[in-house]
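Residue strings, one per chain:
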Amino acid sequence: MGRIWHESARTYTLAGSAAKPRDCRDEVDPLTGWSKRVSSWGRLNADLHRWTVLGDRESVVATIRHGGLPFGNGRSYGDVCLNPGGTLWSTRGLDRFIAFDGESGVVECEAGVLLGEIIDVVLPRGWFLPVAPGTRYVTVGGAIANDVHGKGHHRTGSFGDHLLSLQLVRTDGELIECSANANADWLRATIGGLGLTGVITRARLQLRRVAGAWLDADAQPFETLDAFFALSGAATRDFEYNVAWIDCAAGGRGVFFRANHSASCDPLLPPSPRRFPLEPPISLVNRLSLRAFNAAYFRAHQIRQGRRQQDYRSFFFPLDNLLEWNRIYGPRGFFQYQSLVPPVAQLEATRAMLQEISRSRMGSFLAVLKTFGDRPAPGLLSFPAAGTTLALDFPNQGENTLALFRRLDAIVLAAGGRLYPAKDARMAPSMFAAGYPRLPEFLRFRDPGIASSLSRRLLGS
C-alpha cells in the first residue's frame, strides 16, 4: 500500500484535501477584553479565559511567548486544562494529517487532531489505535499529555507506549524534537506531563493492524469482588480488552466485559449520535435513580450475557452516542474520582472504597473497574501501573461530596495508591506527591511560562 499521503507546505487536512493556511489568532470580546468562559467536561465552573487559537505550526513560537496553557478538546474532567485569569491556547486548529504509511501503520499528525478522526482515516485501511480511551473526542496532544489508557493495558499499555516522536515548543522559543533516540528524557517528561512541559505541535504514532471495525465480545455478570478478580485474571490470558461496570450501591456485583478484535470485515452503519437536549435544574443522578438504573442494567445483562459481535464504537466509546451527556448532572456539574491501588491491596482497598460509597448514599451510573498490567510506565507522571483502577462519577453536592473523597483518599493512600490527575479537581498536594514519586524529576522539565489550575493547586505555581 505504501505511503498514502504526505503534507507539503501545509496543504493537507483530515481527508487530505487542500486547505488555506490559518494563522494563530486571538478571539477576544471587545467589551470585556476576555474571549469566553471555559469549563472542563465536569462543568464544575466556567471561568473567563483569554482564548487563542493555534492554527499554524510555524506561528506557535511567537504566539505562546507571553505564557498560557495548551487546551485540546476540553474532555479532561477536572482542572488540568483550565487557566482562569490567563490564556488558553486552543490546539484544535492544529488539525492536519502530515503523513500516513499504510504498510507500517505509522501516522504523523498535528496535536489537535482527534483520536476519532484518526480512526476514520486509518480503519478503512486496516489499522486502529493501539490504545483507545473512553471517548473518541480527545486530541492527540491531550492523549499524550494525560497518557490516556484504555481497556487493554495488560496487553498494549498506555498511549505513550506507542508514541514514536513529537515536537515540543517551549515558551522561550526552543523547539525540541523528542523520540526514544533523541531527547528521550523530554519525551518521558511530556508523556503524562499534564501539558506543563510545552506545546506539542505534532506527533508520530504506531498503529495496530485489525481486520475491520468489529470485536468478538463477551459479557459476564458477577455478584462479588472476588468473582470480578477471578474473571479478570482469567481474561488477561485470552482477551485483549477487559473492563467491568460495577454497581457501587450494591457492594460488588457488576458485569465483566471482554473482547478481541474480530476477523469480520462487515461494514458499519453510519453513526447516529443523539444530543442530551437540555440542562436540568438539578442533577438527574440521585439515590433513587441510581438504584433503579443500576438494578435494571444488571438484570439486562443477566438476560443477555454471553458472546456477541460488537462494533468498535459501542465497545470503546459507548457514551459518545449521547453528545453532551455531562449535562445530566445539572448546573453544579460533577466530579470523577479515579484511583489506582497496587495488586497487594487491590481486593481489600476496592472493597473498602465501595463500602464507603454505599454508606455515603452517593454513587454513580458510570462506575468502571479494571486491572492494569505490570509494565514500565512511559512517562514520569503516567497514571497506569500494576493494580486495579476504580473510576466513578459523582454529582457535585458540595461538602458532602468532598468529605466522601477525603475518606476515599485515606483508603487509597493507605494502600499505596494514587489518583488520576486528568480526572481530578480537588486532590491535595501531599497526595499527589505521595502517588507520583518521580515528581521531583519531572519538575526539571517544566516550562516556566505554562501554568494551570491544577499546577497552581498541586505544585504552587
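Not measured: the values here are computed from a predicted model.

A. Geometry of the overall build of the protein. Helices and strands together make up the secondary structure of the protein, namely 13 helices and 23 strands. Taken over C-alpha atoms, the radius of gyration comes to 21 Å for the protein, in line with the 23 Å a tight globule of 461 residues would show. Principal-axis analysis of the C-alpha atoms gives the protein an extent of 60 × 50 × 45 Å. The buried share among the 461 residues of the protein stands at 59%. Considering only contacts in the protein between residues 6 or more positions apart, those separated by 24 or more positions represent 75%.

B. Structural view of the packing of aromatic side chains. Under the criterion given, the structure shown has 22 aromatic pairs. Look at Tyr312 and Phe317: their rings are 6.3 Å apart centre to centre, the planes differ by 90°, and that puts the pair in the edge-to-face class. Just as Tyr312 is buried, Phe317 falls in that class too. An aromatic cluster is defined as three or more aromatic residues linked by ring pairs; in this entry it consists of Phe128, Tyr241, Tyr312, Phe315, Phe316 and Phe317. The ring of Phe315 is capped by Lys151, whose NZ or CZ atom sits 5.6 Å from the centre of that ring. Over the ring of Tyr77 we find Lys423; its NZ or CZ atom is 5.2 Å from the centre of that ring.

C. Structural context of the pattern of salt bridges. The tally for this structure, following the rule as stated, stands at 23 salt bridges. The salt bridge involving Glu356 is made with Arg359; its shortest N-O contact spans 3.2 Å. Highlighted residues: Glu356 and Arg359, both in helix α9 (residues 346–360), separated by 3 residues, approximately one helical turn. Within the structure, one salt-bridge network assembled from shared partners comprises Arg57, Arg96 and Glu110.

D. The arrangement of the packing of helix α6 (residues 225–238) against α9 in detail. The contact between α6 and α9 brings their axes to 10 Å, and the two run at 135°. The angle between α6 and α9 places the two elements in the oblique class. Where α6 crosses over α9, the two elements pack in a sense that is right-handed. Between α6 and α9, the contacting residues are Leu225, Asp226 and Phe229 on the first element and Gln346, Leu347, Thr350, Arg351 and Leu354 on the second. For the contact of α6 with α9, the residue count by class is 4 nonpolar, 2 polar and 2 charged.

E. Representation of the sheet that holds strand β20 (residues 334–341) within the structure. Strand order in the open sheet formed by 8 strands is β18-β14-β16-β15-β21-β22-β20-β23, with antiparallel pairing between adjacent strands. Every interior strand has two partners, whereas the edge strands, β18 (306–311) and β23 (418–419), have only one. Of the pairings in the sheet, the one linking β20 to strand β22 (residues 387–395) comprises 8 bridges and is antiparallel in character. Opposite Phe335, over in β22, you have Phe394 as the bridge partner. Lying over the sheet, α9 contacts β15 (241–246), β20, β21 (368–372) and β22, oriented at roughly 10° with respect to β22. Packed on one face of the sheet, helix α10 (residues 399–414) meets β20, β22 and β23 and runs near 10° to β20.

F. The nonpolar core, seen in detail. Residues Ile118, Phe128, Val140, Ile144, Leu166, Tyr312 and Phe316 are the most contacted members of the largest nonpolar core, which totals 119 residues. The next biggest cluster of nonpolar side chains, apart from the first, holds 11 residues, and it includes Trp41, Phe276, Val285 and Phe365.

G. Highlighting the environment of Asn73. Residue placement: Asn73 occurs in the loop between β5 (69–71) and β6 (87–90). Along the primary structure Asn73 and Thr139 are separated by 66 residues, whereas in three dimensions their C-alpha atoms are 6.2 Å apart. Among all residues touching Asn73, those that are not within four sequence positions of it are Arg92, Leu114, Tyr137 and Thr139.

About the criteria used
In this convention, every chain numbers its residues from 1, walking through the sequence in written order. With pLDDT at 70 or above as the cut-off, local features in this predicted model cover only qualifying residues; side-chain atom pairs require 80 or more to be listed or tallied, and sums for whole chains, interfaces and linings still use all residues. Side-chain numbers come from the whole structure's heavy atoms, not from hydrogens or water. What counts as a helix is a DSSP run of H or I of at least four residues, what counts as a strand is a run of E of at least two, and both are numbered from the N terminus. In this description the radius of gyration comes from C-alpha coordinates, and the expected globular size is given by 2.2 Å times residues to the power 0.38. Each residue is assigned to one of three classes by its accessible area relative to the maximum for its type, calculated with a 1.4 Å probe on protein chains only: buried under 20%, partly exposed between the two thresholds, exposed over 50%. Throughout, a contact is declared for two residues whenever any of their heavy atoms are within 4.5 Å. Ring pairs shown here join Phe, Tyr and Trp side chains whose ring centres sit within 6.5 Å, with only the six-membered ring taken for Trp; geometry is labelled stacked below 30 degrees between planes, edge-to-face above 60, and tilted in between. We call a charge positioned above a ring when the Lys NZ or Arg CZ atom is no farther than 6 Å from the ring centre and deviates by at most 35 degrees from the ring normal. The term salt bridge refers to a side-chain nitrogen of Lys or Arg lying within 4 Å of a carboxyl oxygen of Asp or Glu. Angles here are taken between N-to-C directions and fall from 0 to 180 degrees, while the axes themselves are lines fitted to C-alpha atoms, restricted in helices to the stretch in contact. Each angle gets one of four labels, with under 35 degrees taken as roughly parallel, over 145 as roughly antiparallel, 65 to 115 as roughly perpendicular, and the rest as oblique. For any pair of crossing helices, the crossing counts as left-handed if the nearer helix is rotated counterclockwise from the farther one by less than a right angle, and right-handed if it is rotated clockwise. Charged residues are taken to be Asp, Glu, Lys and Arg, nonpolar residues to be Ala, Val, Leu, Ile, Met, Phe, Trp, Tyr, Cys and Pro, and polar residues to be all remaining types, Gly included. Strand pairing is assigned whenever DSSP identifies at least 2 bridges connecting the two strands. Here, nonpolar core means buried Ala, Val, Leu, Ile, Met, Phe, Trp, Tyr and Cys residues that are tied together by side-chain atoms lying within 4.5 Å of each other.

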